[in-house]
Amino acid sequence: MTLAIALGVLMSTAAATPSLGQRMDQRIDDAAARVEQKVIACRRDIHEHPELGNREMRTAKLIADRLRELGIEVKENVAHTGVVGLLRGGKPGRVVGLRADMDALPVTEQVDLPFASKVRTTYNGQEVGVMHACGHDAHVAILLGVAEVLSGIRDQLSGTVKFLFQPAEEGAPQGEEGGAELMVKEGALENPKVDAVFGLHVTSRYPVGEIAYKPEGMMAAVDSFKIIVKGKQTHGAYPWLGVDPIVVASQIVLGLQTIPSRQVDSTLAPSVVTVGAIHGGVRNNIIPDSVEMIGTIRSLDAKMRDDIHARIKRTVENIAASAGATAELTITTGYPITYNDPTLTEKMAPTLRRVAGSSNVRVVNATLGAEDFSFFQQKVPGLFFWLGTRPKNQTAEEAASNHSPLFYVDESGLGLGVRAMAHVAVDYLRQ
Ligand code: NI
């Protein structure tokens, strides 16, 4: 044998023998394939029994029972109904957090499914249907699938996996705290301290088999505001005897629109200021004393977020002053920007491409929707990504969006979610 041939034989033998890492990857894929039907059955069970934020009692019990069966340490009643699971690997290493949100929405399901929700409840004093119209049922089922896959290879795991089953992503009932913010406050990221956190969201924007993400700002910060314009009541026929808060409110609505369009650098990041309601007056010929407006502010850059708040204050107060009226502004901060840590994203992107296939992973534009996963990302580096669950024979325009009573999850996309989360966790711990 010449040296060249000998080397060639050696190299091909090396190529044919899978490395330890490759064998582990194969074990994960095999286990993910085995749990797929269970994940679908679990998703249907949760879909048929949806629960609103901070009321996810049945869902929480199902999660805790399943984690215990898998030999995972369980902590219940975190942030009301949240469940934290701890899977300690056989070797020392870092701690990776995997998050799934658990809550449903006050939406009456219109999808024709044998396991469609018929649940009704009272929400803010109104009788409503309850539906997993945002796909959080799929998130819980996927993460329980991941827990099963990873518990099967725990001896080979270097580090710890923390499962964060989180209530009330859509917001807590009036007067209650909840969601990721409360989980962080109650120490869900401590003991042991989470080094990085991952989460996914099913979406009808992308077809089954696809994963999408964006480094840095991927979803918006959401803040709400309330403006009370105070004028002076008078007869509708003699406006000069009073101060008309309706005309001032109208000027403010238009003034606010110039903040995203004229005042901030729209090439840096998009932003939106929306007035969602105006209330004032009782009769056609009376100029009222005051007008109340509420609205939402969406931004994708932290500095711009503060800047927009300051500009709203300036606009509201000065327009009111110009008419001799006064205006009270209250801005209530909501969810922060869903910010994918650029270093972590770059490190984990090859995993997503390997798992889904390079051509099925897209880097996409940000959205002005919001996600409270952002509270975890404020504390530790995190990566949030979209999982396509739109049927392949539908276009994005045809598919009902999240929160619609017609929102539909093609379950053939869930298996990829299990594989993606499991591999992301293992690869992170390996690095
Ligand atoms: Ni959601």
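Residues numbered from 1 in each chain as written. Predicted model: local features only at pLDDT ≥ 70, side-chain atom pairs only at ≥ 80, totals over all residues. Heavy atoms only, no water.

Novice: I'm lost on the packing of aromatic side chains in this one. Help?
Specialist: Note on aromatic pairs: each is described by the distance of the centres and the angle between the planes. Scanning the model with the defined rule gives six aromatic pairs in all. Centroid distance Phe 373 to Phe 376: 6.1 Å. Interplanar angle 65°. Geometry classified as edge-to-face. Side by side, Phe 373 and Phe 376 carry an identical accessibility label, which is buried. Ring geometry for Phe 373 versus Phe 384: centroids 5.0 Å apart, planes at 35°, classification tilted. With Phe 373 in the loop between β17 (361–363) and α9 (374–379) and Phe 384 in strand β18 (residues 382–390), the pair connects residues that are eleven residues apart, well separated along the chain. Take Phe 373 and Phe 384: they sit in the same class, and that class is buried. An aromatic cluster is defined as three or more aromatic residues linked by ring pairs; in this entry it consists of Phe 373, Phe 376, Phe 384 and Trp 386. The side chain of Arg 94 reaches across the aromatic face of Tyr 428, ending 4.1 Å from its centre. Over the ring of Trp 386 we find Arg 205; its NZ or CZ atom is 4.4 Å from the centre of that ring. (Phe/Tyr/Trp six-rings, centres within 6.5 Å; stacked < 30°, edge-to-face > 60°. Buried < 20%, exposed > 50% of the residue type's maximum accessible area, 1.4 Å probe, protein only. Helix = DSSP H or I, 4+ residues; strand = E, 2+ residues; numbered from the N terminus. Lys NZ or Arg CZ within 6 Å of the ring centre and 35° of its normal.)

Novice: Which parts of the structure should I look at to understand the layout of surface pockets?
Specialist: To find leftover empty space, a probe the size of one water molecule is rolled over the atoms. Reported here for the largest pocket is a volume of approximately 550 Å³. Lining the largest pocket are 22 residues, and of these Tyr 123, Glu 170, Gly 171, Ala 172 and Pro 173 sit closest to its centre. For the lining of the largest pocket, a count of residues per class yields ten nonpolar, eight polar and four charged. In this model, the second largest pocket occupies a volume close to 400 Å³. Forming the walls of the second largest pocket are 22 residues, and the residues nearest its centre are Gly 171, Glu 181, Thr 333, Gly 334 and Tyr 335. Of all the elements in the fold, those that place two or more residues in the lining of the second largest pocket are α5 (179–185), β10 (221–230) and β15 (326–333). If one sorts the elements of the lining of the second largest pocket by residue count, α5 sits on top with four residues. The residue inventory of the lining of the second largest pocket, partitioned by class, reads eight nonpolar, eight polar and six charged. (1 Å grid on protein atoms, 1.4 Å probe; cavity = no way out; pocket = protein on both sides within 12 Å on 5 of 7 lines; lining within 4 Å. Points joined across faces, edges and corners; volume = space filled by probe spheres on them. Nonpolar A, V, L, I, M, F, W, Y, C, P; charged D, E, K, R; others polar.)

Novice: Could you clarify how one ought to interpret the sheet that holds strand β12 (residues 271–280) in this entry?
Specialist: Within a beta sheet, neighbouring strands are joined by backbone hydrogen bonds and run either parallel or antiparallel to one another. Taken in spatial order, the four strands line up as β12-β14-β10-β15 in an open sheet, and their pairing is antiparallel. The outermost strands of the open sheet, each flanked by one partner alone, are β12 and β15. Strand-to-strand, the axes of this sheet are offset by a mean angle of 20°, without reference to chain direction. Taken together, the ten bridges between β10 and strand β14 (residues 290–299) define a ladder with antiparallel strand orientation. Within β14, the residue paired with Ala 221 across the bridge is Ser 299. (Pairing = 2+ DSSP bridges. Axes fitted to C-alpha atoms, helices over the stretch in contact; angles between N-to-C directions.)

Novice: It is not clear to me how the domain arrangement of the chain should be interpreted in this structure. Could you clarify?
Specialist: According to the domain assignment, the chain contains domain 1 (20–219 + 337–430) and domain 2 (221–333). Placing a centre on the C-alpha atoms of domain 1 and another on those of domain 2 gives a separation of 38 Å. Counting residues at the interface gives nine residues for domain 1, matched by nine residues for domain 2. Surface buried jointly by domain 1 and domain 2 totals about 660 Å² across both partners, of which 75% is contributed by carbon and sulfur atoms. The three residues of domain 1 that bury the most area against domain 2 are Ile 337, Leu 368 and Ala 370, which together make up 80% of that side's buried surface. (Domains from an automatic or database assignment. Contact = heavy atoms within 4.5 Å. Buried area = accessible area lost by both parts, 1.4 Å probe.)

Novice: What exactly am I supposed to notice about the coordination of the nickel ion here?
Specialist: Six octahedral donors around a metal ideally subtend angles of 90 or 180 degrees, whereas four tetrahedral donors ideally subtend 109.5 degrees. Distances from the nickel ion to its protein donors, namely Cys 134 (SG), His 136 (NE2) and His 201 (NE2), fall within the range 2.1 to 2.3 Å. One chain supplies every donor for the nickel ion, spaced along it as C-x1-H-x64-H. Residue Cys 134 is found in the loop between β5 (126–129) and α4 (136–151), and its partner His 201 is found in strand β7 (residues 196–207); the two are separated by 67 residues along the sequence. Residue classification places His 201 among the buried positions, given a relative accessible area of 5%. (Donors = N, O, S within 2.8 Å, 3.2 Å for Na, K, Ca; no water.)

Novice: When you look at the pairing of β7 in this model, what are you seeing that I'm missing?
Specialist: Regular strands place their side chains on alternate faces of the sheet. Taking burial as the measure, the twelve residues of β7 include eleven buried ones, the bulk of the element. As paired elements, strand β3 (residues 91–101) and β7 share four bridges and run parallel to each other. Looking at the pairing, Arg 99 lines up with Gly 199 of β7.

Novice: How should I be thinking about the environment of Met 183 in this particular structure?
Specialist: Here Met 183 shows up in helix α5. A relative accessible area of 0% places Met 183 in the buried class. Counting along the chain gives 17 residues from Met 183 to Gln 166, while the straight-line C-alpha distance between them is 7.4 Å. Here Met 183 is in contact with Val 78, Ala 79, Val 84, Phe 165, Gln 166, Pro 167, Ala 188 and Phe 376, once residues within four sequence places are set aside.

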